[in-house]
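Next come the chains, spelled out residue by residue.
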Amino acid sequence: MMIDIPEGQEPIGYVWGEMVPGIGAAAANFSLSVYEHTTLELREFEAARLRIAQINGCLFCLDWRTERDGHKVEAEFADAVTHWRTTDAFDDRTRLAAEYAERYALDHHGLDDEFWTRMTAHYTQREIVELSMSIGSWLAFGRLNHVLGLDAVCRLTPG
């Protein structure tokens, strides 16, 4: 880990909350809003989120599974995300969510007219903006946690 965490402190809470309270609290609120206010279907949401986690290499994000109304994606879902181009486990919207996340992270200048024609055939403008903001959040904060080494020391806690 790149940051010294005082004994007894939870790493993400300390770094995001205590080290830079003005910035960290705003970042945390944005991150939480992505989960609390999404209108995207769970599979679409998780396809994009997991693809960013795979690209970022954030251990915490790779282990996380979003739960909505008592439901999570199936155990094999992460493997399907890895193979989003060829999997038969995805409908068009879910496949596009994974593709968009990958291209947003790795080749945002390559998002061409052909891609946007496919996106707008399956997603409303509002959904595209929501997905874009969500991907931006995961990309930034997942990388932040990984770069600082926070992802290796964070653990999911029950409840």
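Structure: above.
On a predicted model such as this, the values are computed, not experimentally measured, just so you know. (Residues numbered from 1 in each chain as written. Predicted model: local features only at pLDDT ≥ 70, side-chain atom pairs only at ≥ 80, totals over all residues. Heavy atoms only, no water.)

Structural notes on a nonpolar patch on the surface
Judged by side-chain polarity, Met19, Val20 and Ile23 come together as a nonpolar surface patch covering roughly 280 Å² of accessible area. Within the secondary structure, Val20 sits in the loop between α1 (11-19) and α2 (21-36). (Patch = residues over 30% accessible without salt bridge, like charges linked within 9 Å, V, L, I, M, F, W, Y side chains within 5 Å. Areas by Shrake-Rupley, 256 points an atom, 1.4 Å probe, with all protein chains shown as cover. Salt bridge = Lys/Arg side-chain N within 4 Å of Asp/Glu carboxyl O. Helix = DSSP H or I, 4+ residues; strand = E, 2+ residues; numbered from the N terminus.)

Structural notes on helix α6 (residues 92-106)
Helix length check: α6 (15 residues) gives 21 Å between terminal C-alpha atoms against 21 Å at 1.5 Å per residue, within 8%. With respect to burial, α6 is a largely interior element, 11 of its 15 residues being buried. Of all the positions in α6, only Arg93, Thr94, Leu96, Ala97, Ala98, Glu99, Tyr100, Ala101, Glu102, Arg103 and Ala105 are classed as buried. The inward-facing, buried residues of α6 abut α3 (42-56), α5 (77-82), α7 (113-122) and α8 (125-147). Capping the start of α6 is the job of one residue whose side-chain oxygen sits 3.3 Å from the backbone nitrogen of Arg93: Asp91. (Expected span 1.5 Å × (residues − 1). Buried < 20%, exposed > 50% of the residue type's maximum accessible area, 1.4 Å probe, protein only. Contact = heavy atoms within 4.5 Å. Polar contact = N/O pair within 3.5 Å; in protein donor to acceptor, adjacent residues only side chain to side chain.)

What about the packing of α3 against α6?
It is at 8 Å that the axes of α3 and α6 come closest, and there the two elements cross at 30°. As far as their axial angle goes, α6 and α3 are roughly parallel. Between α3 and α6 lies a crossing of right-handed hand. Residues Arg43, Glu44, Ala47, Ala48, Arg51, Ile52 and Ile55 of α3 touch α6, and the partners they reach there are Arg93, Thr94, Ala97, Ala98, Ala101, Glu102, Ala105 and Leu106. (Axes fitted to C-alpha atoms, helices over the stretch in contact; angles between N-to-C directions. Parallel < 35°, antiparallel > 145°, perpendicular 65-115°, else oblique. Left-handed = near helix turned anticlockwise from the far one by under 90°.)

Points about the side chain of Thr94
Structurally, Thr94 is set in helix α6. Judged by its relative accessible area of 2%, Thr94 falls in the buried class. Sequence-distant contacts of Thr94, that is, excluding residues within four places in its chain, are made with Arg43, Glu44, Ala47, Phe77 and Tyr123.

Let's talk about the packing of α1 against α2
Axes are the key here: two packed helices are described by the angle between their axes and the distance separating the axes. Where α1 contacts α2, the axes come no closer than 5 Å and their chain directions differ by 120°. Here α2 runs oblique to α1, going by the angle between their axes. Residues Trp16, Gly17, Glu18 and Met19 of α1 lie in contact with α2, whose contacting residues are Pro21, Gly24, Ala25, Ala27 and Ala28. Residues of the contact of α1 with α2, tallied by class, amount to 6 nonpolar, 2 polar and 1 charged. (Nonpolar A, V, L, I, M, F, W, Y, C, P; charged D, E, K, R; others polar.)

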